[in-house]
4 protein chains.
Amino acid sequence: MQQIPKTMLAATLFGPGDLRTITKPVPQPGPGEVLIRVEACAICATDLLILDHRLPGQPPFDGTFTPGHEYSGTIVSLGKGVDEFRVGDRAAVEVHKGCGRCENCIRGLYTACLNYGNLTKGHRANGLTVDGGFAQYVVAHINTVYRLPDHISFAEATLITTAGTVLYGIDRLGGFLAGETVAVTGPGPIGLMAVQLAKALGARVLLTGTRESRLQVGREVGADVTINVNETNPVDEVRQLTGGKGADVVLECSGAANAAQEAVEMVKKGGKILLAGFFKDPVTVDLSRLISNNLVIYGARGEGGRNVGRALALMAQGRLQAKPLITHYFPLPEINRAIKTFAQRLEGAIKVIVEPQKGGKLEDGSQSGD
Amino acid sequence: MQQIPKTMLAATLFGPGDLRTITKPVPQPGPGEVLIRVEACAICATDLLILDHRLPGQPPFDGTFTPGHEYSGTIVSLGKGVDEFRVGDRAAVEVHKGCGRCENCIRGLYTACLNYGNLTKGHRANGLTVDGGFAQYVVAHINTVYRLPDHISFAEATLITTAGTVLYGIDRLGGFLAGETVAVTGPGPIGLMAVQLAKALGARVLLTGTRESRLQVGREVGADVTINVNETNPVDEVRQLTGGKGADVVLECSGAANAAQEAVEMVKKGGKILLAGFFKDPVTVDLSRLISNNLVIYGARGEGGRNVGRALALMAQGRLQAKPLITHYFPLPEINRAIKTFAQRLEGAIKVIVEPQKGGKLEDGSQSGD
Amino acid sequence: MQQIPKTMLAATLFGPGDLRTITKPVPQPGPGEVLIRVEACAICATDLLILDHRLPGQPPFDGTFTPGHEYSGTIVSLGKGVDEFRVGDRAAVEVHKGCGRCENCIRGLYTACLNYGNLTKGHRANGLTVDGGFAQYVVAHINTVYRLPDHISFAEATLITTAGTVLYGIDRLGGFLAGETVAVTGPGPIGLMAVQLAKALGARVLLTGTRESRLQVGREVGADVTINVNETNPVDEVRQLTGGKGADVVLECSGAANAAQEAVEMVKKGGKILLAGFFKDPVTVDLSRLISNNLVIYGARGEGGRNVGRALALMAQGRLQAKPLITHYFPLPEINRAIKTFAQRLEGAIKVIVEPQKGGKLEDGSQSGD
Amino acid sequence: MQQIPKTMLAATLFGPGDLRTITKPVPQPGPGEVLIRVEACAICATDLLILDHRLPGQPPFDGTFTPGHEYSGTIVSLGKGVDEFRVGDRAAVEVHKGCGRCENCIRGLYTACLNYGNLTKGHRANGLTVDGGFAQYVVAHINTVYRLPDHISFAEATLITTAGTVLYGIDRLGGFLAGETVAVTGPGPIGLMAVQLAKALGARVLLTGTRESRLQVGREVGADVTINVNETNPVDEVRQLTGGKGADVVLECSGAANAAQEAVEMVKKGGKILLAGFFKDPVTVDLSRLISNNLVIYGARGEGGRNVGRALALMAQGRLQAKPLITHYFPLPEINRAIKTFAQRLEGAIKVIVEPQKGGKLEDGSQSGD
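The structure displayed is predicted, hence computed values, not measured ones.

Reading guide: rules and limits
- Residues numbered from 1 in each chain as written.
- Chains lettered and ligands numbered in written order.
- Predicted model: local features only at pLDDT ≥ 70, side-chain atom pairs only at ≥ 80, totals over all residues.
- Heavy atoms only, no water.
- Salt bridge = Lys/Arg side-chain N within 4 Å of Asp/Glu carboxyl O.
- Helix = DSSP H or I, 4+ residues; strand = E, 2+ residues; numbered from the N terminus.
- Buried < 20%, exposed > 50% of the residue type's maximum accessible area, 1.4 Å probe, protein only.
- Contact = heavy atoms within 4.5 Å.
- Buried area = accessible area lost by both parts, 1.4 Å probe.
- Polar contact = N/O pair within 3.5 Å; in protein donor to acceptor, adjacent residues only side chain to side chain.
- Nonpolar A, V, L, I, M, F, W, Y, C, P; charged D, E, K, R; others polar.
- Arc of directions from axis to C-beta.
- Least-squares fit on C-alpha atoms with pLDDT ≥ 70 in both.
- Core = buried A, V, L, I, M, F, W, Y, C linked by side-chain atoms within 4.5 Å.
- Domains from an automatic or database assignment.
- Pairing = 2+ DSSP bridges.
- Axes fitted to C-alpha atoms, helices over the stretch in contact; angles between N-to-C directions.
- Phe/Tyr/Trp six-rings, centres within 6.5 Å; stacked < 30°, edge-to-face > 60°.
- Lys NZ or Arg CZ within 6 Å of the ring centre and 35° of its normal.

Draft legend 1. Here's a closer look at the pattern of salt bridges. Counted according to the given criterion, the structure contains 68 salt bridges over all chains. Close ionic contact of Glu84(A) with Arg101(D) constitutes a salt bridge, the shortest N to O distance being 3.0 Å. With Glu84(A) in the loop between strand S4 (70-78) and strand S5 (90-93) and Arg101(D) in the loop between strand S6 (96-97) and helix H2 (103-106), this residue pair bridges two chains. Residue classification places Glu84(A) among the partly exposed residues on the basis of a relative accessible area of 23%. Using a relative accessible area of 15% as the deciding quantity, one classes Arg101(D) as buried. Sharing partners across several salt bridges, the network here consists of Asp83(A), Glu84(A), Arg101(D) and Lys121(D).

Draft legend 2. Layout of the interface of chain A and chain C. Each partner contributes residues to the interface: chain A has 20 residues there, and chain C has 20 residues. Carbon and sulfur atoms supply 54% of the area that chain A and chain C bury against each other, a total of about 1400 Å² over both sides. Linking chain A to chain C there are two salt bridges. Linking chain A to chain C there are 12 residue pairs in polar contact (both at pLDDT 80 or more). Those elements that place two or more of their residues in the side of chain A that touches chain C are helix H4 (160-172), helix H5 (189-200) and helix H10 (307-316) of chain A. Top element by residues in the side of chain A that touches chain C is H10(A). It accounts for four residues. When grouped by side-chain class, the residues that make up the side of chain A that touches chain C number nine nonpolar, six polar and five charged.

Draft legend 3. Structural context of helix H11 (residues 335-343) of chain A. Residues and elements named next belong to chain A. Taken residue by residue, H11 has Ile335, Ala338, Ile339, Thr341 and Phe342 as its buried positions. Projected down its long axis, H11 carries its buried residues within an arc of 160 degrees, all on one side. Looking one or two places after H11, you find Arg345, whose phi comes out positive at around 50 degrees.

Draft legend 4. Representation of the interface of chain A and chain B within the structure. Taken residue by residue, the interface counts 41 residues in chain A and 41 residues in chain B. Surface buried jointly by chain A and chain B totals about 3500 Å² across both partners, of which 56% is contributed by carbon and sulfur atoms. One can count four salt bridges joining chain A with chain B. A salt bridge links Lys268(A) to Glu103(B); the nearest nitrogen and oxygen atoms lie 2.5 Å apart.

Draft legend 5. Spatial organisation of the relation of the copies chain A and chain C. Each copy superposes on the other: chain A lies on chain C with an RMSD of 0.0 Å after a rotation of 180 degrees and an axial shift of 0.0 Å. Taken together, the rotation angle and the small translation identify this as a two-fold axis. A share of 100% of interface residues in chain A that are also interface residues in chain C marks the association as one of identical surfaces.

Draft legend 6. Structural detail: the nonpolar core. Core analysis: the biggest nonpolar cluster contains 114 residues, and Leu177(C), Val184(C), Leu251(C), Leu177(D), Val184(D) and Leu251(D) have the highest contact counts within it. Once residues within four sequence positions are removed from consideration, Leu177(C) is found in contact with Arg310(A), Ile170(C), Val182(C), Ala198(C), Leu201(C), Gly202(C), Ala203(C) and Val249(C). Judged by nonpolar contacts, the second largest core, of 112 residues, contains Tyr168(A), Leu215(A), Leu325(A) and Ile152(B).

Draft legend 7. Expanded view of the domain arrangement of chain A. Residues and elements named next belong to chain A. When cut into domains, chain A gives domain 1 (7-159 + 322-358) and domain 2 (165-299). The C-alpha-based centres of domain 1 and domain 2 are spaced at 29 Å. Listed as interface residues are nine residues of domain 1 and, on the opposing side, 10 residues of domain 2. For the pairing of domain 1 and domain 2, the buried interface totals around 880 Å² over both sides, and the portion due to carbon and sulfur atoms is 64%. Run the count over domain 1 and domain 2 and you get zero salt bridges.

Draft legend 8. Layout of the relation of the copies chain A and chain B. Each copy superposes on the other: chain A lies on chain B with an RMSD of 0.0 Å after a rotation of 180 degrees and an axial shift of 0.0 Å. Counting the interface residues of chain A, we find that 100% of their copies in chain B are interface residues as well, pointing to one common contact surface.

Draft legend 9. View of the sheet that holds strand S14 (residues 267-275) of chain B. On the basis of which strands lie adjacent, the open sheet formed by 12 strands has the order S12(A)-S11(A)-S10(A)-S13(A)-S14(A)-S16(A)-S16(B)-S14(B)-S13(B)-S10(B)-S11(B)-S12(B) and mixed pairing. The outermost strands of the open sheet, each flanked by one partner alone, are strand S12 (225-228) of chain A together with strand S12 (225-228) of chain B. Along the sheet, successive strands turn relative to each other by an average axial angle of 20 degrees, direction set aside. Pairing analysis gives four bridges linking S14(B) to strand S16 (residues 296-299) of chain B, with the strands arranged parallel.

Draft legend 10. Looking closely at the packing of aromatic side chains. All chains considered together, the criterion is met by two aromatic pairs over all chains. Between the aromatic rings of Tyr298(A) and Tyr298(B), the centroid separation amounts to 6.4 Å while the plane-to-plane angle is 70 degrees, which identifies the pairing as edge-to-face. With Tyr298(A) in strand S16 (residues 296-299) and Tyr298(B) in strand S16, this residue pair bridges two chains. We note that Tyr298(A), like Tyr298(B), is buried. Across the ring face of Phe154(D), the terminal group of Arg90(D) is positioned such that the distance to the ring centre comes to 4.2 Å.

Draft legend 11. Main features of the environment of Val238(A). Locating Val238(A) in the fold gives a position in helix H7 (residues 234-241). Exposure remark for Val238(A): the relative accessible area of 0% places this residue in the buried category.

Draft legend 12. Here's a closer look at the side chain of Arg306(C). Inspection of the secondary structure assignment puts Arg306(C) in the loop between strand S16 (296-299) and helix H10 (307-316). Not counting residues within four places of it along the chain, the set of residues in contact with Arg306(C) comprises Glu103(B), Ile106(B), Arg107(B), Glu94(C), Tyr110(C), Asn143(C) and Tyr146(C).

Written out as C-alpha cells, the structure is:
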C-alpha cells in the first residue's frame, strides 16, 4: 500500500463559480468511515448548481468546501470500528447517509432525511454537505460505500450514482418492468442510463429526444425505438407504437418544460410516471388526467434503497455500459475546463470525468501530479 | 314483493342542460345483472359535466339516456345466472364494471379499463355510459352492486360512491394511515368524506377550506383541526402543526388552481399526495419538488379495488356519517331544481338527493308518484 | 388458411391413468374465444395428478375430457366479438380464466377465483376444467391467449406456462431482484426456469439439487453457483456464499420434504421465500423462524397477473432458453409413452412435448396424421 | 424535577431463573440516548425465555443484566445532542434500535438488523441485549422512545409494545383491513391486542380460543364473534361465517401446535396469514395449500416500521384499551411473584405490571421504596 500523504490537491469553492484547485490536508476517517484515494469523479448537473449558488446544507463559499459526488477510488484507511471493508478494496459510492434517527431514516427513507444537512445529528451528503471527490482523497461513511468489482474501471464506476438514482426511482414505482413498454424521455446521461436499466430489467424501451447524436447513443445502449421529437409528435408516436394504449411506464429524464404534460399524455391508463430530471421552473400540467386515467407520478431523491448496490450488480453483469456515455477525461487541475465542457456540451460531451491522481497542469500554469 | 311496472319515470337528456322527466319502459336485467328499484340518487359534480357536454363513452343527447351514478335501492329482479343476490336485497352501487378482458381489467384495474365505453366488450359505467339512477328502476351489473345493511338508509347509501372514490385513492397510496397526520384540502362532499375516512383509519386530520360553515361540518365529522385559508396560510399552518415536518399525506379534494402547489409544499419529505378533486384547467406546479423531496402524487379513478365494499363496512360500523353532508331532498320530477340547488350551492347545499319513488309535481306542472 | 376439419385426434380420459387417443369433433369458439390448431403441448407434473385422480373442478372420467395445459399453436378461427387477435396469429397460452365476477377476480387475483371450476359463472382452466391441448384443436378464451413472436418455436412456447408460474411468484414477492442473491432449490423444469428468470431480472443465482446432470443444465442456463446437496449442506453453503447473511430470496422449486425447513434456514433475515413446487405431504417447519427473522413465505397459484406475457417478452429477448429443458418429442398417438418418459424421467427427460399435428402410429398400432 | 439518585433498585439475573432485586448505579445516557425514570414495566412471554436461558445477544448470567422491555416512564435526563425530547416528557418505548449500518437497517428493516446484539456497531435491544425496565431507571436510545400523551397511564403504555408488534405485522401484510374479515386465533395478550387493532382499522373480527373467560374479554374489547374451539371446529365456523370463503386475513396469536394448519385452512383463497405467536416446536403444515390457494404467510419481528408510534396514536384516540388486559400490579421487589403470576396465569392473569417506583418489601424481607 502506498503511503498516505499529509496534503493533497483538492478543488474548493471560493465563491459562486469560483472553483480553485488548492492544496489542503488529507482528511482522517472517523468512526464508521473510510478514507478513499479518489481515482475518478464525474461531473453531474447538480454540481453546476452547487458551483453557482449554495444548495440547502451546502458549506459556505470560503475556500474550504470540495464538491464532487460521483466518485470512485481505493480504500486506503479505515475509521474506528470498520470491518465491513479492507484497505485496498476498490470502492464506488452513493451520496446520502441519513441521520439514522429521524422517522424517515429509521423507516429506510434515508434520502428524505428530516435532518438533511445536520452534521451533528449524523446526516451527510457526499460532495453536497461534506467534502466530495474533486480531490485526491476523500472521507466517506461506510453506509455510502460499495465494493467495486475488479472488472469495472474507476471511470465507469462514477456512473453508478446516475444509475442508482434512476434505479431508485424504478424501485419506487415497483421495480418490475419485465415485458412492459417504457418510454424514456430525454437522452442525457440520466436518460441513457434509464434506457439501459429498463432494458436490463426486461422492458421494451422507446427513447425520445431532440439530438440525433444522442439518440444514436441511445440505440447503441439498447433503446428499441428512438423518436426525434423535432420530427414527430412523441405522444402520437408512443401511442402508435403501443397499439393506442400508451406506455406502461414513462421515465422522464429531460427536465423539459413540456415533458410532464407529454408524460401524462403518453402513458397508459393505470400507468406510472417517474420524474428523474429536474425542471428549471414550475411546469403546467393537466393533473386531472391523473384522476381520470388512474395515474401515479413518482419523484425519487438520490440513490435511496441501496440501489447503487443493485446498479453495480447490473453493471458487473455487463448490462449497464458506462463507456458510451463517457466522452471526456481531465486531470483535477483542469476541472474548470472539464466543467465548461460538460455544461456547454462541448465536443458532444455527455459525461466528463475528472481524474485526481493523473498529473496535469494547474490552471494557473504550474505543474501538479503524484 | 311489489309488481314491477312496465313503465317508469326517468330523467333523460335531450340536449346540453336539457334534462326532462319522462316515462320510459322499465329495463330488463341481462345475465349477471339485477334490476334495482331506485330509492335515492345523489347528484355529483360529474353529473354537471354529463348534463353540459358529453363525456367519453356517453350516449347521444337524444332523449334516451338517463344519468345518475350515486344511487341505492332494492333489488327487484335477477338476471340469468345471478345467485349472488336475492330479490328484496337492499343495494348500494359503484360506477365501473370493467370489460374483464383488457390487460388492466384482468389485473384488477377495472376503473382504468382500456375498453371504457365499449358496451360490446362488456364495459359499463352506471349513469355514465349506460342508464343510471335518476329513474324509478335501473339495471346494474352485479360487479357494481353491494348488499346494503338494514341500518343504513337509502339516502345515506348514495354517499358510498363518494366514500369509495376517496378510499380507493387511499388504498392506492397504501391504505395504512394509522397514526399519520393527513391534510385534507377542500371541505366539499369529497373532502368531508376524506376527513371521515382518514379518521376511521386512525389518522389525525387537518382540514383546510374557505367557508367557515363547511369547516364547521368538517369539525363535526371529525377533523382535528380546521384551517381557514382566507385567514391563514395553510402551508405554514400545516407545517407548524406538524413540528415543521409537513403532513404525512395530503388528500387534495378542492380542485382549486393553487391546490396542487400547496400540496407539494405542505407534505412531508417522503410523503404522499392524492388528487381527489378534478382541476378545472391545467395547473402550474413545482414538480421538481417531487424529486428533491421524494414525493409521490396519486390519481385514482372511480371506486376501484372494491373499495365501495370497504367504505360500506366503515359506514355500517358508524364511522362514516352521511347525514351531515345531506342537505336537500327532491322528488324526481324536480330534478332540475335539485341540480340547480347543488350546482349553485343554494341554501348551503352540500349533497342533494333525488328520490324517484317519492311523489312530486312534474316540472311541467303535471302530477307524478308511485 | 387451411380448412378446419370436422373431427380431430384428441387424447381423452376414460379412467384413472386411462388416456386414449380418439377422434372427436373439432370444437367451436364461443364469444371471447378463439380456436387454436395445437402444434405442441408439454407434459407438466400436474398432468400426472389429472390422469391419476380428479382434481377439483375436473370433468368426469367418461372419455370426453382432454387434458393438457402447456400448449401453443395457431389461431384458426375467432369467436364472436374477438378483435384482439387475427386468424393466423401464433399463440401461447396460460391456464386460468377467472369468473370475472367474484371479489378476487374483480381485484385481479384471477388464479384464486372463488368460482373455480364453475363454468356457468365464466371460470375456465385450460386442460384442467375444460378441454386442453392434447388434441389437434382446442378452444381458449382470449384472456388466456398471448401472441407468440415468430422467432419463438411452438415447442419453446409450451414452456411459457412454467415460466409464467414462477414469474408470477416473483411478481408476488416484489419482482425486483436486481443485485440480490437468489437461491433456487430443485433443478426440475420449474427450478431451471426460476434460475433463468432470476438471472434475467439481474440476480445472482445459487442452484441446489441432487442430480449432477440437472445441475449441469442449471449452469448452462445461467446459475452462478450450483450446490450438490448430496455433497454439501446447502444451508451452510448458501450462508458461506453470502458472507453469512443468507440468500435475499429463496425460490423453492423441489417440493422435497425438507425443502421448506432448509429455505427458512438459508434465507436472510428479512428475506422472502417463494414456494413453487408442490409438496407431496404436509411438511414440518420451524415457523417461529418467520417471526424471529422477519420472513415471508409466498405461495403463487398458476400464472397470475398476466405474467405469461412478461415471460414471453423475456423469452423473445433471448433471456429464457427453453431448448435446454426440452428433451423429448412425441406425436399425439404416443402420448402414453410420452407421459411415462416424463414421469419416470427416462433417458434424462426434463420436458417432454407432444406434437398433435405430427403423424404417428396410434398406440393400438393404427396410423394417424394430418 | 426530582434529583436523580446515584443508585437504584434493579432486578438482575444471576443465573437461569435467578432474578434478584439489587441496588446498582443509575446509568448515564450517552449521545442520542435518554435516561428514563421507569414507572411501569410489563412482563412479556419473551421475558420467561430470557430468565430461563440466554437468548442470542443476551448478556451473561452474572448479576449485572436487567431485563424488561415493555416499560414506560418519565425522561429525566438527556444524552449529548438530544433535542427530540425534553426532560419531563412522558415516554413509551419499543425494543429494537438497529445498527444503522447493515443493509437491512439502512433500508428500514431495523428489527431484522444483521448486527443484532453487536453493541459496538450500534445495535441495542432494550431489555434483551442491554438493560431494560425492571429497574427504577433505564437508558434508552431515542430511536426507541415515543412521547406518551398525558391521558394514557404509564401502566397502559406498557402494552404499546404488544400492540406495536401486532401492528407491525399488519403493516407488513398491507395495513389495509377496512371491511375485511379478520380471524384472530388465540386470546392471549397478543391476540386481544390484535382484536383491537383489527377493529380499529375497520375490520370485522372473529376470535378463536379455548378459555371462555378470555373470549369474554375479547368480546369486551371488540371481537364481533368469538369461537370456542373446544366446542366448535374453528375452521368450519370461520368458513360458515364468511359465506364459505374463509377469512381475508388470519392473525395467528396462539402459538398452538395446530394453529398454522388451521390458519391455512380458514383463510380465503388469495388471503394472508400473520404469525404473531411463537410456536414451541416446529409445526406440521400442508404448505402446498399456499400454492394452490395463493396464500402468503408473514412473520414479523418486534415492533418495526415505527409501529409503536402508530399504536400509540390509536391508543390515544381511545381505540385500544389496555386496562381490560392488565390484571395485576406488583412492586419491583416482588418481581418473582409477578413473574410466577404471569407465567402460571394465576388468578386469571393476562398482563402483569411491575412498578419500580412503588414501595414494597424486598423478597428477602427487607424494605425498599423511593
